[in-house]
Amino acid sequence: MRIGLYPGTFDPVTLGHIDIIQRASTLVDRLVIGVAINRDKGPLFSLEERVAMVEAECAKLAVPGGPEFVVHPFENLLIDCAHDVNATMIIRGLRAVADFEYEFQMVGMNRVLDASVETVFLMADARRQAIASKLVKEIARLGGDVSKFVPEAVNAKLLAKFA
């Protein structure tokens with residue numbers, strides 16, 4: 001069984017994330033979406049809210065006989081999370097060259113920790129390259145329309161947060 005791990009904070013989950021999840025699911029039998037706890041980032045949504053949003057969006061993608069989606073909160077090293085879920089690959093989405101520099105460093109460190117876990121990069125769809133959770137939250141906080149960047153249910157949750 002091919003198991004992939006797609007990690008992130010998903011605060012909130014965006015259409016860019018959904019794009020990567022859909023495309024990553026074609027590469028694996030089980031896709032684990034690792035929702036990072038990461039207290040240093042001070043997330044807008046609680047861990048429980050982020051997990052629920054990702055689970056709801058993944059449920060819409062599930063098809064009979066298709067890959068299994070599992071949402072897995074984690075607070076340990078990414079490579080340790082990969083071991084916890086038996087992932088043989090870590091999936092990362094890239095939006096721009098700036099993302100690559102950071103990701104390149106992370107791959108190097110992860111390969112030293114465990115060279116058997118491969119990292120696979122998926123380029124964001126051109127229509128989704130500008131979407132970043134941080135920017136989505138800022139636009140929503142200032143009363144802007146983020147409906148083009150997030151799923152409908154997530155948009156409703158953002159509107160409620162900033163009402």
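What you are looking at is a predicted structure, and each value in this text was computed from that prediction instead of being measured. (Residues numbered from 1 in each chain as written. Predicted model: local features only at pLDDT ≥ 70, side-chain atom pairs only at ≥ 80, totals over all residues. Heavy atoms only, no water.)

A. How the structure looks around the overall build of the chain. Each helix and strand in the chain was counted, giving 6 helices and 5 strands. Helices and strands appear in the chain in the N-to-C order β-α-β-α-β-α-β-α-β-α-α. The C-alpha radius of gyration of the chain comes to 15 Å, within 12% of the 15 Å expected for a compact globule of 163 residues. Projected onto its principal axes, the C-alpha positions of the chain cover 45 × 40 × 30 Å. Evaluated residue by residue, the chain yields a buried proportion of 43% over its 163 residues. For the chain, restricting intrachain contacts to residue pairs at least 6 apart in sequence, the fraction spanning at least 24 positions comes to 76%. Working note: accessible area of the chain is about 8,900 Å², and carbon and sulfur atoms make up 57% of it. Measuring between centres, the 18 positive side-chain charges of the chain sit 5 Å from its 21 negative side-chain charges. (Helix = DSSP H or I, 4+ residues; strand = E, 2+ residues; numbered from the N terminus. Rg over C-alpha atoms; globule rule 2.2 N^0.38 Å. Buried < 20%, exposed > 50% of the residue type's maximum accessible area, 1.4 Å probe, protein only. Contact = heavy atoms within 4.5 Å. Areas by Shrake-Rupley, 256 points an atom, 1.4 Å probe, with all protein chains shown as cover. Lys, Arg positive; Asp, Glu negative; His and termini not counted. Charge placed at Lys NZ, Arg CZ, Asp CG, Glu CD.)

B. Main features of the packing of helix 1 (residues 15-24) against helix 2 (residues 47-61). Where helix 1 contacts helix 2, the two axes come as close as 11 Å, and the packing angle between them is 45°. The orientation of helix 1 with respect to helix 2, classified from their angle, is oblique. The chirality of how helix 1 crosses helix 2 is right-handed. In this structure, helix 1 contributes I18, I21 and Q22 to the contact, and helix 2 contributes E57, C58 and L61. Partitioned by chemical class, the residues of the contact of helix 1 with helix 2 number 4 nonpolar, 1 polar and 1 charged. (Axes fitted to C-alpha atoms, helices over the stretch in contact; angles between N-to-C directions. Parallel < 35°, antiparallel > 145°, perpendicular 65-115°, else oblique. Left-handed = near helix turned anticlockwise from the far one by under 90°. Nonpolar A, V, L, I, M, F, W, Y, C, P; charged D, E, K, R; others polar.)

C. The arrangement of the state of the cysteines in detail. With the rule as written, the count across this model stands at 0 disulfides. This cysteine, C58, is not joined by any disulfide, and C81 carries the nearest cysteine sulfur, 14 Å off. Of the residues examined, C58 reaches a relative accessible area of 3% and is grouped as buried. (Disulfide = S-S within 2.5 Å.)

D. Quick look at the pattern of salt bridges. Considering all chains together, one arrives at 10 salt bridges under this definition. The partner of D29 in a salt bridge is R2, with the nearest N and O atoms 3.4 Å apart. On the criterion of sequence distance, the pair formed by D29 in the loop between helix 1 and strand 2 (30-36) and R2 in the segment before strand 1 (3-8) is long-range, its members being 27 residues apart. Classification of D29 by relative accessible area gives partly exposed; the value is 31%. (Salt bridge = Lys/Arg side-chain N within 4 Å of Asp/Glu carboxyl O.)

E. Quick look at the packing of aromatic side chains. Evaluated as defined, the whole model comprises 3 aromatic pairs. Centroid distance Y6 to F10: 5.4 Å. Interplanar angle 75°. Geometry classified as edge-to-face. With relative accessibility at 5%, the residue Y6 sits in the buried group. By relative accessible area, which is 1% here, F10 ends up buried. Measuring from centroid to centroid gives 5.7 Å for F100 and F104, while their planes differ by 40°, and the two rings are tilted. On the criterion of helical spacing, the pair formed by F100 and F104 is a turn pair, its members being 4 residues apart in helix 4 (residues 97-113). For F100, a relative accessible area of 38% translates into the label partly exposed. (Phe/Tyr/Trp six-rings, centres within 6.5 Å; stacked < 30°, edge-to-face > 60°.)

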